[in-house]
Amino acid sequence: NQEFFQRAGKALEREEKMFVVTANPETLMMAEQTPEFGDVLRSPEAIIVPDGIGVLKAAAYLGMDTNGRVTGCDLVAYLIKEAGNLHKSIYLYGAKEEVVAALVTKIKAEQPGAVIAGYRNGYGQDDNEVFDEIALLQPDIVFVALGIPRQELIIHRNLSRFQKGIFVGVGGSFDVLSGMKKRESKSETFRTAPFEYEFLYAPLGDSGAYAYLEPWYGFSVSKDSDEAELAVEFLRFMSTRLDEMAGIKGLPSVAADSADKRYAGIRHTDAA
Ligand code: UDP
């Protein structure tokens, strides 16, 4: 991925035009469901970089050479740093007002060489109007944080209005880089005290086993607890990754009347 970062850095330095899509498995699935998005991914302008182990594995399976993972967050962080070194301008579009404003403040403090061409939050805006503004400014870097596929679709639709610029659909990267949201696996707490977890199998009784219709969790953390940070970390992990893993491992986490074959053995049956 260093190689890709360098390529993006060179494009920035030479004022080339570049459109980067960081693709995780959901991105690729989305392309199946939204034909217009599939067209964007297949368009020659779009450079697709693998974000996530799933895409790397799929690529390896197909015999494709990939050079490691490129996450949206890492790419955005790298480009901000390069903008600072090369005195380039950045436009940020998307995320909540407090998030994007916090990130702008952080960029100004940490990379005084970078120029903030402008920014707008991603709520209640007219995408076309925002892009009219961006096209007038012709910034060197345009980050669009509106979620997949909206961010890629609007970049692609407007790309021909620009002579130069590195365009990246960055998903939730502003939330992470602004410090408003943490990546659980990268946070200090997780690194210094990673927690262990195990899956508990719901015991199968005469009438079947219970599976949750809506997986939910709820616990409270005392703000004075010594382990408050770790508990919050765990909560974050639960809400983002655990259900996903349960799905991969085929553990019961869906409705008892799910059509999914994997749950056939635990389905509640009213003996007729
Ligand atoms: N967002 C936005 N406007 C919207 C919907 C979403 O600005 O109408 C922002 C949201 O605040 C977040 C980002 O888009 O910063 C989407 O992040 P998410 O992680 O959901 O995106 P993904 O990468 O999963 O598509």
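Before any of the text, the structure's been laid out above.
Structural notes, computed from the coordinates. (Residues numbered from 1 in each chain as written. Predicted model: local features only at pLDDT ≥ 70, side-chain atom pairs only at ≥ 80, totals over all residues. Heavy atoms only, no water.)

1. Quick look at the overall build of the protein chain
Just so we agree on the cut-off: The secondary structure listing takes helices from DSSP runs of H or I that are at least 4 residues long and strands from runs of E that are at least 2 residues long, numbered from the N terminus. Three labels apply to residues, based on accessible area from a 1.4 Å probe with only protein chains included: buried if under 20% of the type maximum, exposed if over 50%, partly exposed otherwise in between. Here, two residues are considered to be in contact whenever any of their heavy atoms come within 4.5 Å of each other. For accessible areas, the Shrake-Rupley method is used with a probe of radius 1.4 Å. Any residue's cover is judged against the shown protein chains and nothing else.
A tally of helices and strands in the protein chain yields 11 helices and six strands. Relative to its full complement of 272 residues, the protein chain shows a buried share of 42%. Within the protein chain, residue pairs in contact and separated by at least 24 positions form 73% of the contacts whose partners lie at least 6 positions apart. Approximately 15,800 Å² of the protein chain is accessible, and the part contributed by carbon and sulfur atoms is 53%.

2. Observations concerning the sheet that holds strand 1 (residues 17-23)
The condition is simple: Should DSSP find at least two bridges between two strands, the strands are taken to pair. Working convention: axes come from line fits to C-alpha atoms, limited for helices to the stretch in contact. Angles between N-to-C directions cover 0 to 180 degrees.
Overall, parallel pairing links the six strands, which are arranged 2-1-6-5-3-4 in an open sheet. Two strands close off the open sheet at either side, each with one partner strand: strand 2 (46-50) and strand 4 (115-120). Geometrically, the sheet is characterised by an average inter-axis angle of 20 degrees between neighbouring strands, direction not taken into account. Relative to strand 6 (residues 165-169), strand 1 runs parallel, the two sharing five bridges. When the bridges of strand 6 are listed, V20 appears paired with V168. Strands strand 1, strand 2, strand 5 (141-145) and strand 6 of the sheet are contacted by helix 1 (residues 2-13), whose axis makes an angle of about 150 degrees with strand 1.

3. Comments concerning the side chain of E152
Under the convention used in this document: Counted as positive: Lys and Arg. Counted as negative: Asp and Glu, with His and the chain ends omitted from the count. The term salt bridge refers to a side-chain nitrogen of Lys or Arg lying within 4 Å of a carboxyl oxygen of Asp or Glu.
Mapping E152 onto the fold places it in helix 8 (residues 150-158). Of the side chains bearing the opposite charge, R150 lies closest to the buried E152, which forms no salt bridge; the N-O distance is 9.8 Å. E152 has contacts with F19, V21, F37, V40, G147 and G169, leaving out every residue within four places of it along the chain.

4. Brief notes about the site of the ligand
Quick reminder of the rule: In these notes, residues near a molecule or strand are those with any non-hydrogen atom within 4 Å of it. Between N or O atoms, a polar contact is any pair within 3.5 Å; within protein, one atom must be a potential hydrogen donor and the other a potential acceptor, and residues adjacent in sequence are included only when both atoms are from side chains. Amino acids are sorted into nonpolar (Ala, Val, Leu, Ile, Met, Phe, Trp, Tyr, Cys and Pro), charged (Asp, Glu, Lys and Arg) and polar (every other residue, Gly among them).
By nearness alone, 13 residues border the ligand, and A95, G122, Y123, I148 and D175 come closest of all. A145 has a polar backbone atom sitting 3.1 Å from an oxygen atom of the ligand. With respect to the ligand, the backbone of G172 contributes an N or O atom lying 3.3 Å from an oxygen atom. Here the ligand has 540 Å² of accessible area as a free molecule, and 65% of this is covered by the chains. Of the residues in the shell around the ligand, the class split is five nonpolar, five polar and three charged.

5. Overview of the packing of aromatic side chains
Put simply, the test is: To pair, rings of Phe, Tyr and Trp, with the six-membered ring standing in for Trp, must have centres within 6.5 Å; the planes then decide the type, stacked if under 30 degrees apart, edge-to-face if over 60, and tilted in the middle.
Under the defined criterion, the tally for this structure stands at four aromatic pairs. Aromatic pair F131 and F162: ring centres 6.2 Å apart, planes at 90 degrees, arrangement edge-to-face. Of this pair, F131 sits in helix 7 (residues 127-137) while F162 sits in the loop between helix 8 and strand 6, and the two are 31 residues apart along the sequence. Each of the two residues, F131 as well as F162, counts as buried. Here the aromatic rings of F162 and F167 are separated by 4.8 Å at their centres, their planes lie at 65 degrees, and the arrangement is edge-to-face. The burial state of F162 is the same as that of F167; both residues are buried. Counting every residue linked through ring pairs, the aromatic cluster contains F131, F162 and F167.

6. Overview of unusual backbone geometry
The omega angle of the peptide bond from I148 to P149 is 5 degrees, so this bond is cis rather than trans. By the element assignment, P149 lies in the loop between strand 5 and helix 8. A positive phi angle, near 55 degrees, is found at E15, a position not held by glycine. Along the chain, E15 turns up in the loop between helix 1 and strand 1. Residue class for E15 comes out partly exposed when judged on its relative accessible area of 41%.

7. Here's the deal with the packing of helix 7 against helix 8
Inclusion rule: Working definition: roughly parallel below 35 degrees, roughly antiparallel above 145 degrees, roughly perpendicular at 65 to 115 degrees, and oblique for all remaining angles. By convention, the crossing between two helices is left-handed when the near helix turns anticlockwise from the far helix through less than a right angle, and right-handed when the turn is clockwise.
Two numbers describe how helix 7 lies on helix 8: the axes approach to 11 Å, and their chain directions differ by 50 degrees. It follows that helix 7 is oblique to helix 8 by the angle criterion. You can see that helix 7 and helix 8 cross each other, and the crossing is right-handed. Seen from helix 7, the contacting residues are D127, N128 and F131; seen from helix 8, they are R150, I154, I155, R157 and N158. Taken together, the residues of the contact of helix 7 with helix 8 sort by class into three nonpolar, two polar and three charged.

8. Some details on the nonpolar core
Operational definition: Here, the term nonpolar core denotes a set of buried Ala, Val, Leu, Ile, Met, Phe, Trp, Tyr and Cys residues that are joined through side-chain atoms within 4.5 Å.
In this structure, F4, L79, L92, F143 and F174 are the most contacted members of the largest nonpolar core, which totals 35 residues. No other element matches the seven residues that helix 5 (residues 72-86) contributes to this core. Counting residues in hydrophobic clusters, the runner-up holds 22 residues, among them I134, V144, I154 and I155.

9. Focus on helix 1
Test applied: Expected helix span is computed as 1.5 Å times (number of residues minus one). Arc, as used here, means the arc of the directions from the helix axis to the C-beta atoms.
Across its 12 residues, helix 1 extends 16 Å between first and last C-alpha, which sits within 8% of the 16 Å expected from 1.5 Å per residue. If you check which residues of helix 1 are buried, you get F4, F5, A8, G9, A11 and L12. Looking straight down helix 1, one finds its buried side chains confined to an arc of 160 degrees; they lie on one side. Within helix 1, the exposed residues directed more than 90 degrees away from the buried face are E3 and Q6. Looking at the buried side of helix 1, the elements it contacts are strand 1, strand 2, helix 5, strand 5 and strand 6. At the exit of helix 1 stands E15, carrying a positive phi of roughly 55 degrees.

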